[in-house]
Amino acid sequence: MPISKFLIAQIIYESRLDDTGVDPQDGVNPIGALSTNVAGGLGGLFTVMSDAGTDGMQAMSSQLSFVLTNAVMASNLNVTQVAPGGNPGAADYNDTTVYLTQTAANEITGFVDIDGSGTFNAGDLVALKVSISNPADPANAQLTFEQHLAIEHPDNSRFDESLSLLTQGHDKIQLRFDANVTDNDGDSASDSATIDLINAHRSPLRSDDDGPHVEVDVDREGSLKDFALNLDESINPDGDGL
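## Quick look at the overall build of the protein
(1) Moving on: Within the protein one finds one helix and eleven strands.
(2) Moving on: Among the 242 residues that make up the protein, the fraction classed as buried is 35%.
(3) Moving on: Counted over contacts in the protein with a minimum sequence separation of 6, partners at least 24 positions apart contribute 62%.

The following block contains the structure:
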């Protein structure tokens, strides 16, 4: 099953269900989150064949994880600058790039490098997260995408612009499947396989723009009479200088 078909439709059609209730964004808690719900889980992207031999099977284990080509990678996304009711901060960010780093075997964090250190630390803001649920149970493992900060969508001609989360250059994020088999004699065998999840050209994860909204209505309790003005255009009609 192509990974694009596995995930993209899930993100698009469930986009109205992503609100978490966090308002305004704080760079810590997600303002939106989506999880896939595909039969067979992420394990369905891989084929596993095992044979314990004549000794018989004692145990088999499997594990899903992420693999990044570099410890910290720049994405194609940028966050919007500090604004009331928008992204937090006392002053504009020097660098709005969303950088990607692996914070657990099954978790990737996209962050804003507030202190310019080039690494993710306590002084930085979380912009997004990608994680694998149930990584030790691939048949029930799903992908979760969280958004923590507002993302810049530069096309102002489109109210609901959608941007894919991509890497840059040759950087990529892979999904890895590890399997281990142990027979009743205590012998074991292991193997792994990877599939590209995100690269510079394709990704199953997208962020939709949240365009502004304004609504003006008439207050029926008010009256235009309250704003009546009567301007006399005559200039000193009495001729007395007063």
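What follows picks up the thread again.
## As for the confidence of the model for the protein
(1) Moving on: For the protein, mean pLDDT is 80; residues scoring 70 or higher make up 71% of the total.
(2) Moving on: Element-level pLDDT for the protein is lowest in helix α1 (residues 3–13), with a mean of 43, against a maximum mean of 98 in strand β4 (residues 97–104).
(3) Moving on: Note on residues 4–17: pLDDT is under 50 here. Beyond four places in sequence and across chains, it has 28 contacts.

## Let's talk about the side chain of Gln147
(1) Moving on: Mapped onto the fold, Gln147 is located in strand β7 (residues 142–147).
(2) Moving on: Separated by 3.0 Å, the side chain of Gln147 and the backbone oxygen of Leu149 make a polar contact.
(3) Moving on: Engagement of the side chain of Gln147 in a polar contact is seen with the side chain of Ser207, the distance being 3.1 Å.
(4) Moving on: In contact with Gln147, not counting residues within four places along its chain, are Pro30, Ile31, Gly32, Ala127, Leu128 and Ser207.

## Some thoughts on the sheet that holds β4
(1) Moving on: Spatial ordering of the open sheet is given by β1-β7-β6-β5-β4-β3, a layout of six strands whose pairing is antiparallel. Of all the strands in the sheet, just β1 (32–35) and β3 (72–78) have a single pairing partner and so form its edges. Ignoring strand direction, the axes of neighbouring strands in this sheet form an average angle of 20°.
(2) Moving on: As paired strands, β3 and β4 are joined by four bridges and run antiparallel to one another. Among the inter-strand pairings, Met73 is bridged to a residue of β4, identified as Leu100.

## Examining the packing of aromatic side chains
(1) Moving on: The final tally for this structure, using the stated rule, is three aromatic pairs.
(2) Moving on: Their ring planes at 40° and their centres at 5.2 Å tell us that Phe111 and Phe120 sit as a pair that is tilted.
(3) Moving on: Taking relative accessible area as the criterion, Phe111 reaches 0% and is therefore assigned buried.
(4) Moving on: Judged by its relative accessible area of 31%, Phe120 is partly exposed.
(5) Moving on: An aromatic cluster of at least three residues, connected via ring pairs, comprises Tyr99, Phe111 and Phe120.

## Things to note about the nonpolar core
(1) Moving on: Counting 33 residues, the largest nonpolar core has Phe66, Val130, Leu165 and Ile173 as the members making the most contacts within it.
(2) Moving on: If you list the elements that add at least two residues to this core, you get β2 (57–68), β3, β4, β5 (107–112), β6 (125–133), β7, β9 (173–183) and β10 (188–198).
(3) Moving on: For this core, the element with the most residues is β6, which contributes five residues.
(4) Moving on: Ignoring anything within four residues of it in the chain, the contact list for Val130 reads Phe66, Asn106, Glu107, Ile108, Leu143, Thr144, Phe145, Leu165 and Leu205.

## Remarks on the pairing of β6
(1) Moving on: Extensive coverage of β6 is indicated by the burial of seven of its nine residues.
(2) Moving on: In this structure, β5 lies alongside β6, joined through six bridges in antiparallel fashion. Residue pairing for β6: Val112 is matched across the bridge by Leu125.
(3) Moving on: As paired strands, β6 and β7 are joined by six bridges and run antiparallel to one another. Paired with Val130 across the two strands is Phe145, which belongs to β7.

Definitions and limits used
- For every chain, the first residue of the written sequence is number 1, and numbering continues from 1 onward in sequence order.
- For this predicted model, a pLDDT threshold of at least 70 governs which residues receive local features, and a threshold of 80 or more governs which side-chain atom pairs are given and counted, while totals over whole chains, interfaces and linings are taken from all residues.
- Where side-chain values are given, they derive from all heavy atoms of the structure, hydrogens and water being excluded.
- Strands here mean DSSP runs of E at least two residues long; helices mean DSSP runs of H or I at least four residues long; both are numbered from the N terminus.
- The buried label applies to any residue whose accessible area, calculated with a 1.4 Å probe on protein chains only, is under 20% of its type's maximum; exposed applies above 50%, and partly exposed to all values in between.
- Contact between two residues is taken to exist if any of their heavy atoms lie within 4.5 Å; hydrogens are not considered.
- Per residue, pLDDT captures the predictor's confidence, and it can take any value from 0 to 100.
- Any pair of N or O atoms that falls within 3.5 Å is considered a polar contact. Within protein, one atom must be able to donate a hydrogen and the other to accept it, and sequence-neighbouring residues count only if both atoms are side-chain atoms.
- For two strands to pair, DSSP has to find at least two bridges joining them.
- Between the N-to-C directions of two axes lies an angle of 0 to 180 degrees, each axis being a line fitted to C-alpha atoms and, for a helix, fitted only over the stretch in contact.
- Between the rings of Phe, Tyr and Trp (Trp by its six-membered ring), a pair exists once the centres lie within 6.5 Å; its type follows the angle of the planes, with under 30 degrees stacked, over 60 edge-to-face, and the other angles tilted.
- Nonpolar core, defined: a set of buried Ala, Val, Leu, Ile, Met, Phe, Trp, Tyr and Cys residues in which side-chain atoms within 4.5 Å join the residues together.

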